[in-house]
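Below, each chain spelled out in residue letters.
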Amino acid sequence: MPLNPQPGYVYEWFPPSVAPSDGTAFGSDPRKHAIGLSFVIELEEEALAQNEALAFKYYDPRELPSPLWPGCAELLARLGLI
């Protein structure tokens, strides 16, 4: 892992009332505006939940559950994962 890793993609989620109308790709989050710095990594061992997380589940990108949170499929496509 590099000392200063950079995100593979920066993606935003918006509530419908403030969503961009200029063609910008975004996800939908009715609660708030959020910015996600997305990193793609390969795990060398099992990841364990820490801090505020109660559990993690990792999926092969070809076996994702449905439905995904609105906008996640677009983000995964932009990262080249699906």
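Our subject is the structure that appears above.
Novice: Could you give an account of the packing of aromatic side chains, naming the residues involved and the relevant values?
Specialist: Tallied over the full model, the rule gives three aromatic pairs. Between tyrosine 9 and tyrosine 11, the aromatic rings sit 6.1 Å apart at their centres with planes inclined by 45 degrees, giving tilted as the arrangement. Looking at tyrosine 11, the relative accessible area reads 1%, which means it is buried. A centroid spacing of 4.9 Å and a plane angle of 85 degrees characterise the contact between tyrosine 11 and tryptophan 13, whose relative ring orientation is edge-to-face. The exposure classification of tyrosine 11 matches that of tryptophan 13, with both residues buried. In this structure an aromatic cluster arises from ring pairing among Tyr9, Tyr11 and Trp13.

Novice: Tell me about the pattern of salt bridges, and name the residues and values.
Specialist: Any two side chains of opposite charge can pair if their charged atoms end up close together. The tally for this structure, following the rule as stated, stands at four salt bridges. Arginine 31 serves as the salt-bridge partner of aspartate 29, at 2.8 Å between the closest nitrogen and oxygen. Judged by relative accessible area, arginine 31 falls into the exposed class, the value being 58%. Salt-bridge contacts for arginine 62 lead to aspartate 60; the nearest nitrogen and oxygen are separated by 2.5 Å. Taking the relative accessible area as the measure of exposure, arginine 62 reaches 73% and is therefore exposed. Counted as one network, the salt bridges with shared partners bring together Asp29, Arg31 and Lys32.

Novice: Explain the sheet that holds strand β2 (residues 27–28) to me, and be specific about the residues and the numbers.
Specialist: Strand order across the open sheet formed by three strands is β2-β1-β3, with mixed pairing between neighbours. Here the strands that pair on one side only, and so sit at the sheet edges, are β2 and β3 (34–38). Pairing of strand β1 (residues 9–14) with β3 involves five bridges; the strand directions are antiparallel. The residue of β3 that forms the bridge with tyrosine 9 is serine 38.

The rules behind these values
Residues numbered from 1 in each chain as written. Predicted model: local features only at pLDDT ≥ 70, side-chain atom pairs only at ≥ 80, totals over all residues. Heavy atoms only, no water. Phe/Tyr/Trp six-rings, centres within 6.5 Å; stacked < 30°, edge-to-face > 60°. Buried < 20%, exposed > 50% of the residue type's maximum accessible area, 1.4 Å probe, protein only. Salt bridge = Lys/Arg side-chain N within 4 Å of Asp/Glu carboxyl O. Pairing = 2+ DSSP bridges. Helix = DSSP H or I, 4+ residues; strand = E, 2+ residues; numbered from the N terminus.

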